[in-house]
Amino acid sequence: MEATPKINGGVKYNSRTPAIHGPTNPMVTPLLTDLYQFTMAYAYWKADKHNDHAVNPFGGEYTVFAGLEECIRFIANFKLSKDEIAFVRECLSPTCEDGFYDYLGGIDCSDVEVYAIAEGSVVFPKVPLMRIEGPVAVVQLLETPFVNLINFASLVTTNAARHRFVAGKNKLLLEFGLRRAQGPDGGVGASKYCYMGGFDATSNCAAGKLFGIPLHGTHSHAFVSSFTGPDEITEKSLQSHDGSRLCTDFVHLTQMWLGKLKRLSSSEGVFGETNQSELAAFVSYALAFPNNFLALVDTYDVMRSGVPNFCAVGLALSDMGYKAKGIRLDSGDLAYLSCEARKFFQTIEKEFQVPGFGKTGITASNDLNEETLDALNKQGHEVDSFGIGTNLVTCFSQPALGCVFKLVEINNQPRIKLSEDVSKVSIPCKKRSFRLYGKEGYALVDIMLGENEPPPKEGQRILCRHPFNETKRAYVVPQRVEDLMRCYWPGNADKAREELPTLKHIREHCMKQLEQMRTDHMRRLNPTPYKVSVSAKLYEFIHFLWLNEAPVGELQ
Ligand SMILES: Nc1ncnc2c1ncn2[C@@H]1O[C@H](COP(=O)(O)OP(=O)(O)OP(=O)(O)O)[C@@H](O)[C@H]1O
Ligand SMILES: O=P(O)(O)OC[C@H]1O[C@H](OP(=O)(O)OP(=O)(O)O)[C@H](O)[C@@H]1O
Ligand SMILES: O=C(O)c1cccnc1
Ligand SMILES: [Mg+2]
């Protein structure tokens, strides 16, 4: 295969360009759409309007934009099969003419162009995420699958980014949601987009394989409660880390350490007899994974059993040259318990001269969400890593994102969608969007301009107007100007195409973007609204079109 010619950092698309794979989920076919897209396509076709040139952008909500790669994979492979066409024929009225089905069989996305903001970018309401240009009937057929591919992806990426924002940069964030996700696609999609939004790893093996996301995991309560006592352990030997020594009875070594822990003056009265079946579970896990010993300590009693048992096994491992990884807390007051566990680890480090034991990892899980993370921060805690499932992957606090798809131009004629609710009025025309950065490196404002207006320039003052409120405007002298829209699908047009970045690159882009936003825009409570504006020229045009389209009422 020939190398692809590069133009302006993009790839010039031609027949030799490597093929783009189909969507990750094989369920994403041209039939993954609403029936009305086919009925409208028929009506366009019947009115001989199907090839009219339409321009549709998505209006963004405040969000991290995700799902673009899947959209491009979808259109790059868009083709209705004979089977699918036969099904559409069954669904539509028997009066629909045969010619329409011949037309459906012939369509692909070679006449479509897609411009979009880079995946993983932070975006704001009103600024189009994507602009799709092409024959109106084809563009219409793309609406539902595109919105489907983008809404959940962006919602869950945003949710992950919000959890990362509250947890802080230095915490390890693990996505544990597969079992509670909305079906297989909800689970796999959530794992992918949580990673994009800033999580470090997932427990979902399928997502690990499909997307190369790091996998991470501990063990469950079932593992702990499946043991009844140390007598169950028959193979008790453990080779030291450097291979030079053999401990023939690791159970005994652990029991010895447990005795020493009990006699520690600082732990006197804290715990008596620990649960021996739990100890057996921990010993077995340590024998299986001496380099990765991480124990779930809340099955019986965290401070009276789980933590001392863990420490006894950890100290025995340390004797053999290994370093225990840590504990997981999955119930109770996570702030209090993490602080108590940390104190215990630190005492052990000091009393038994085990360097680093005080820093043993503490993972917390159990119904965590932004609020609980925030509460833990306020109380003070010693958790190093959070495992988050249900609230993260189901987007419990906001189950759907309202990105929409609006027609903004047909045959070069700008179109507008009016609404009683001003915030829902669409911004007409083919536009270009720019992000303007200020002196301190933070994003100040996004501005949309008509396609033919000269773009904003660094150091040059530009008037930014609120799209609907006449009194709100500001002059901005940008220190840096970012052109937000790039061509990701030129169809057959002789244009450069942006390469689709890897998931890791998108994740890095997302992290960088979030850092460039002022924290008051990102905070959970009463965030400062980010300014989204239009040029003076576009402002005048929107209002001209608005007056033109809005009917004049008559009072009697
Ligand atoms: N210090 C804390 N501050 C605020 N919320 C916390 C704190 N510690 C834990 N939580 C949250 O409180 C909730 C406690 O859950 P729940 O009432 O089900 O009890 P539990 O600890 O899970 O008990 P169980 O032993 O029945 O599992 C969880 O959502 C958890 O994330
Ligand atoms: O609470 P979430 O944010 O959804 O995080 C995932 C949860 O899933 C597991 O519990 P589960 O009761 O399913 O199994 P386990 O405790 O036996 O592992 C895990 O222990 C967490 O509590
Ligand atoms: O590995 C874990 O600890 C895990 C995985 C999925 C769900 N809860 C916990
Ligand atoms: Mg649980």
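Residues numbered from 1 in each chain as written. Chains lettered and ligands numbered in written order. Predicted model: local features only at pLDDT ≥ 70, side-chain atom pairs only at ≥ 80, totals over all residues. Heavy atoms only, no water.

Check the secondary structure of the protein chain and you find 17 helices and 26 strands. C-alpha atoms of the protein chain, sized along the principal axes, occupy 90 × 60 × 55 Å. Counting over 556 residues, the protein chain shows a buried share of 53%. Put simply, 73% of the contacts in the protein chain that link residues at least 6 apart link residues at least 24 apart. Carbon and sulfur atoms make up 51% of the accessible area of the protein chain, which totals about 26200 Å². (Helix = DSSP H or I, 4+ residues; strand = E, 2+ residues; numbered from the N terminus. Buried < 20%, exposed > 50% of the residue type's maximum accessible area, 1.4 Å probe, protein only. Contact = heavy atoms within 4.5 Å. Areas by Shrake-Rupley, 256 points an atom, 1.4 Å probe, with all protein chains shown as cover.)

In space, the six strands of this open sheet follow the order β9-β8-β15-β14-β13-β12, with parallel pairing throughout. Each edge of the sheet is formed by a strand with only one pairing partner; in this case those strands are β9 (201–202) and β12 (294–296). Here strand β8 (residues 172–175) runs beside strand β15 (residues 385–388); their pairing, made up of four bridges, is parallel. Pairing of Leu174 across the sheet is with Gly387, part of β15. (Pairing = 2+ DSSP bridges.)

Taken together, Phe176, Arg179, Ser203, Gly217, Thr218 and Arg328 form the complete shell of residues around ligand 3. Measuring from an oxygen atom of ligand 3, one finds a side-chain N or O atom of Thr218 at 2.4 Å. Within the contact set of ligand 3, an oxygen atom lies 3.3 Å away from a side-chain nitrogen or oxygen of Arg328. Of the residues belonging to the shell around ligand 3, the class tally is one nonpolar, three polar and two charged. (Near = heavy atom within 4 Å. Polar contact = N/O pair within 3.5 Å; in protein donor to acceptor, adjacent residues only side chain to side chain. Nonpolar A, V, L, I, M, F, W, Y, C, P; charged D, E, K, R; others polar.)

Turning our eyes to something else, we now look at the environment of Glu382. Tracing the backbone through its elements, the reader meets Glu382 in the loop between α13 (370–379) and β15. Here Glu382 falls in the partly exposed class, since its relative accessible area comes to 31%. The spatial distance from the C-alpha of Glu382 to the C-alpha of Ala281 is 25 Å, given a sequence separation of 101 residues. Residues within four places of Glu382 in sequence aside, it is in contact with Ser338, Cys339, Arg342 and Ile362. Side-chain polar atoms of Glu382 contact the side chain of Arg342, separated by 2.9 Å.

Our next topic: the side chain of Ser535. Relative to the elements of secondary structure, Ser535 occurs in the loop between β26 (531–534) and α17 (536–549). According to the relative accessible area criterion, Ser535 is buried, its value standing at 4%. Here Ser535 is in contact with Ile447, Met448, Leu449, Glu453 and Leu463, once residues within four sequence places are set aside.

Let us now look at the packing of helix α5 (residues 136–167) against α13. Between α5 and α13, the least distance of the axes is 9 Å, while the angle of their chain directions is 5°. As summarised for this structure, α5 and α13 are arranged roughly parallel, according to the angle between their axes. Residue-level contacts link Asn159, Arg162, His163, Val166 and Ala167 of α5 to Glu370, Leu373, Asp374 and Asn377 of α13. In terms of residue class, the contact of α5 with α13 is built from three nonpolar, three polar and three charged. (Axes fitted to C-alpha atoms, helices over the stretch in contact; angles between N-to-C directions. Parallel < 35°, antiparallel > 145°, perpendicular 65-115°, else oblique.)

This part covers the nonpolar core. Counting 159 residues, the largest nonpolar core has Leu104, Met130, Phe250, Phe293, Val307, Phe310 and Phe386 as its most contacted members. The leading source of residues in this core is α5, at 17 residues. Taken domain by domain, this core gets at least three of its residues from each of domain 1 (35–163 + 399–555) and domain 2 (218–383). Apart from the residues lying within four places of it in its own chain, the contact partners of Phe250 are Lys236, Leu238, Val283, Ala286, Leu287, Val313, Ala316, Leu317 and Met320. (Core = buried A, V, L, I, M, F, W, Y, C linked by side-chain atoms within 4.5 Å. Domains from an automatic or database assignment.)

As a further point, take the packing of aromatic side chains. The description of two aromatic rings rests on the distance between their centres and on the angle between their planes. This structure, assessed with the given rule, holds 18 aromatic pairs. For the ring pair Phe282 and Phe293, a centre distance of 6.3 Å and an interplane angle of 65° mean the geometry is edge-to-face. With Phe282 in helix α10 (residues 276–288) and Phe293 in the loop between α10 and β12, this residue pair connects regions lying 11 residues apart in the sequence. Considered together, Phe282 and Phe293 belong to a single accessibility category, that of buried residues. By way of ring pairs, the aromatic residues Tyr42, Trp45, Phe100, Tyr101 and Tyr103 are connected into one cluster. For Arg461, the ring lying beneath its charged end belongs to Tyr475, and the centroid distance is 3.7 Å. Here the basic side chain of Arg480 rests over the ring of Tyr437, its NZ or CZ set 3.9 Å away from the ring centre. (Phe/Tyr/Trp six-rings, centres within 6.5 Å; stacked < 30°, edge-to-face > 60°. Lys NZ or Arg CZ within 6 Å of the ring centre and 35° of its normal.)

Moving on to the packing of helix α3 (residues 82–91) against helix α4 (residues 98–106). Two numbers describe how α3 lies on α4: the axes approach to 10 Å, and their chain directions differ by 145°. The crossing of α3 and α4 is right-handed. Contacts between α3 and α4 involve Ile85, Val88 and Arg89 from the first element and Asp98, Tyr101, Leu104 and Gly105 from the second. Per-class residue counts for the contact of α3 with α4 are four nonpolar, one polar and two charged. (Left-handed = near helix turned anticlockwise from the far one by under 90°.)

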